[in-house]
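Residue-level listing of the chains:
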Amino acid sequence: MLKPKTVDDGLLEELTKVESMGARRRLIAYRAGTVVLRSMVEELLDMGFEWVLPVMLSRTTDPLWPDPGASIETRPELEVYGVRVRTMQSMIVHKRVLVSLGPPKFFILSPNIRIEKRERGKTGWHLYEFTQLETEIAYGRMEDVFRVYERLVTSAIRAVRSELSEDLREIGRELRDFGTPFRVVSRRELERAYGPEWERVLPHKIEEPVWVTDIPREFYDFEDFETGTWRNYDLYMPEGYGEVLSGAEREHDYEKMLTKIKRDGLRPEDYEVLLRLAMEGKLKPSAGAGLGVERFVAYVVGARHVAEVQPFPRIPGIVSPL
Ligand code: ASP
Ligand code: MG
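Now for a quick tour of the structure. (Residues numbered from 1 in each chain as written. Chains lettered and ligands numbered in written order. Predicted model: local features only at pLDDT ≥ 70, side-chain atom pairs only at ≥ 80, totals over all residues. Heavy atoms only, no water.)

### A word on helix α3 (residues 92–101)
Our working rule: Throughout, exposure labels follow a simple rule: accessible area from a 1.4 Å probe, protein chains only, divided by the maximum for the residue type, with under 20% read as buried, over 50% as exposed, and the rest as partly exposed. Comment: elements are numbered from the N terminus, with helices defined as DSSP H or I runs of at least four residues and strands as E runs of at least two. By the convention used here, residues are in contact when the closest approach between their heavy atoms is within 4.5 Å.
Most of α3 sits out of view: seven of its 10 residues are buried. Among the residues making up α3, those that are buried are I92, V93, K95, R96, V97, V99 and S100. Tucked inside the fold, the buried residues of α3 contact β6 (105–113), β8 (129–138), α9 (272–279) and β13 (286–292).

Encoded structure:
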């Protein structure tokens, strides 16, 4: 099986040909995506999450900065009704506001636009449009989020294995069940073990999904100013695949958020609602995450490129006719 991160021009050409949306491997990937989404939505509803629909244009969105993993070429803006709005990079700001004023736990299937640098077309792991299965839990802790996504991941894999066993056999995918809880390791340990390139090395070193914690990044993730540790996390899948989820316990203190926004060189006025609620004591502590749906499905079917699971591939650097 060819893994992401070893993509050649031939594969990119194949995936972007309109007719290839009907190829056997692609049809099986869409079927797997259907089973995964149904399973995850059912589990979330069963756990009492409310289902909220996404928005796509907003005056505020995830800055995607600073994030060691981010590599954004442009942040599209357009004008509607005389107001500058951005295309959604993630609904993190919206999730923080909603979890404070609305339902205490909810999920959103949220389409994101992230114009990744074109070199990322060949990582096999990046898309410029994709969907996150986002959750947020009022007063939640990291461990609460770990348990939710461990259940989503293991249930979805079980469902695909039992419902699509013939399809998996046809494409030569040996999909395994995983035990829970998943192992938790800190980014510092990984840097010691594998050096600064740990993100690339880790997916080849693990046999089971692994939670990675303490990753310095955007202001909205909780940082302990005394110890310098971050109460955030990513989920890594084995077999060379890699990161499929990011999340965190969140900042809710006004002064601290403002300090971090300024430190990151961002504009406080872009986060006006968040800051006002924090100042008024209305911003609740929470925790949540977003799972990259296409990445997870790509793992499930053993895709050669994450775009293989998209009928209309969104490969960085390639704008197809559809
Ligand atoms: N979805 C992520 C979160 O909940 C943010 C991101 O998209 O990276 O923290
Ligand atoms: Mg992020």
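### Some details on the site of ligand 1
For the record, the criterion: Proximity criterion: a residue is near a molecule or strand once any of its heavy atoms comes within 4 Å of it. By the criterion applied in these results, polar contacts are pairs of N or O atoms within 3.5 Å in which, for protein atoms, one can donate a hydrogen and the other can accept it, and in which residues neighboring in sequence qualify only through two side-chain atoms. The nonpolar class holds Ala, Val, Leu, Ile, Met, Phe, Trp, Tyr, Cys and Pro. Asp, Glu, Lys and Arg form the charged class, and all remaining residues, Gly among them, are polar.
All residues in the neighbourhood of ligand 1 are listed as D62, S90, K95, R114, Q132, E134, Y220, S246, G247, R250, A289 and G290. Within the side chain of R114, one N or O atom sits 2.7 Å away from an oxygen atom of ligand 1. R250 places a polar side-chain atom, nitrogen or oxygen, 2.8 Å from an oxygen atom of ligand 1. When grouped by side-chain class, the residues that make up the shell around ligand 1 number two nonpolar, five polar and five charged.

### Quick look at empty space enclosed by the protein
Worth spelling out the cut-off: Detection works on a 1 Å grid of protein atoms alone, calling trapped sets that fit a 1.4 Å probe cavities and calling open sets with protein on both sides within 12 Å along at least five of seven lines pockets, with lining residues defined by an atom within 4 Å of a point. Grid points are joined across faces, edges and corners, and a volume is the space filled by probe spheres set on the points.
Evaluated as defined, the whole model comprises two cavities of 30 Å³ or more. Taken as a whole, the largest cavity spans an internal volume of roughly 80 Å³. Lining the largest cavity, in full, are L15, T16, K17, V18, M21, P311, F312, P313, S320, P321 and L322. Split into classes, the residues belonging to the lining of the largest cavity amount to eight nonpolar, two polar and one charged. Empty space within the second largest cavity amounts to approximately 30 Å³. Lining the second largest cavity, in full, are R25, A29, I171, V301, A303 and E308.

### Some remarks on the side chain of T61
On the secondary structure map, T61 appears in the loop between β2 (57–58) and β3 (72–74). For T61, a relative accessible area of 3% translates into the label buried. Side-chain polar atoms of T61 contact the backbone oxygen of S90, separated by 3.3 Å. When neighbours within four sequence positions are excluded, T61 is seen to be in contact with R86, T87, M88, Q89, S90, V93 and Y271.

### As for the nonpolar core
Our working definition: Side-chain atoms within 4.5 Å are what join buried Ala, Val, Leu, Ile, Met, Phe, Trp, Tyr and Cys residues into a set we call a nonpolar core.
Y149, Y233, L245, F296 and V300 are the most contacted members of the largest nonpolar core, which totals 59 residues. For this core, the elements supplying multiple residues, two or more each, are α1 (9–16), α2 (24–46), β8, α4 (142–163), β11 (232–237), β12 (242–249), β13 and α10 (293–301). For this core, the element with the most residues is α4, which contributes 11 residues. Ignoring sequence-local partners within four residues, the contact set of F296 consists of V36, M40, V153, A156, I157, M237, V244 and L291. Of all hydrophobic cores here, the second largest spans 15 residues; its members include Y220, L258, L274 and L283.

### A look at the packing of aromatic side chains
To keep it simple, the criterion reads: Two aromatic rings, drawn from Phe, Tyr or Trp (for Trp, its six-membered ring), form a pair once their centres lie within 6.5 Å of each other, and the interplanar angle then sorts them: stacked below 30 degrees, edge-to-face above 60, tilted otherwise. Two limits define a charge over a ring: the Lys NZ or Arg CZ must be within 6 Å of the ring centre, and within 35 degrees of the ring normal.
Scanning the entire structure with this criterion turns up 11 aromatic pairs. With a centroid separation of 5.5 Å and 90° between ring planes, the pair formed by Y241 and Y299 is classed as edge-to-face. Remark: Y299 occurs in helix α10 and Y241 occurs in the loop between β11 and β12; sequence separation between them is 58 residues. Here Y241 matches Y299 in class, with each residue buried. Members of the aromatic cluster, connected to one another through ring pairs, are W125, F178, Y241 and Y299. Positioned over the ring face of F222 is K256, at 3.8 Å from the centre of the ring. The ring of F225 has K256 lying over it, and the distance from NZ or CZ to the ring centre is 5.1 Å.

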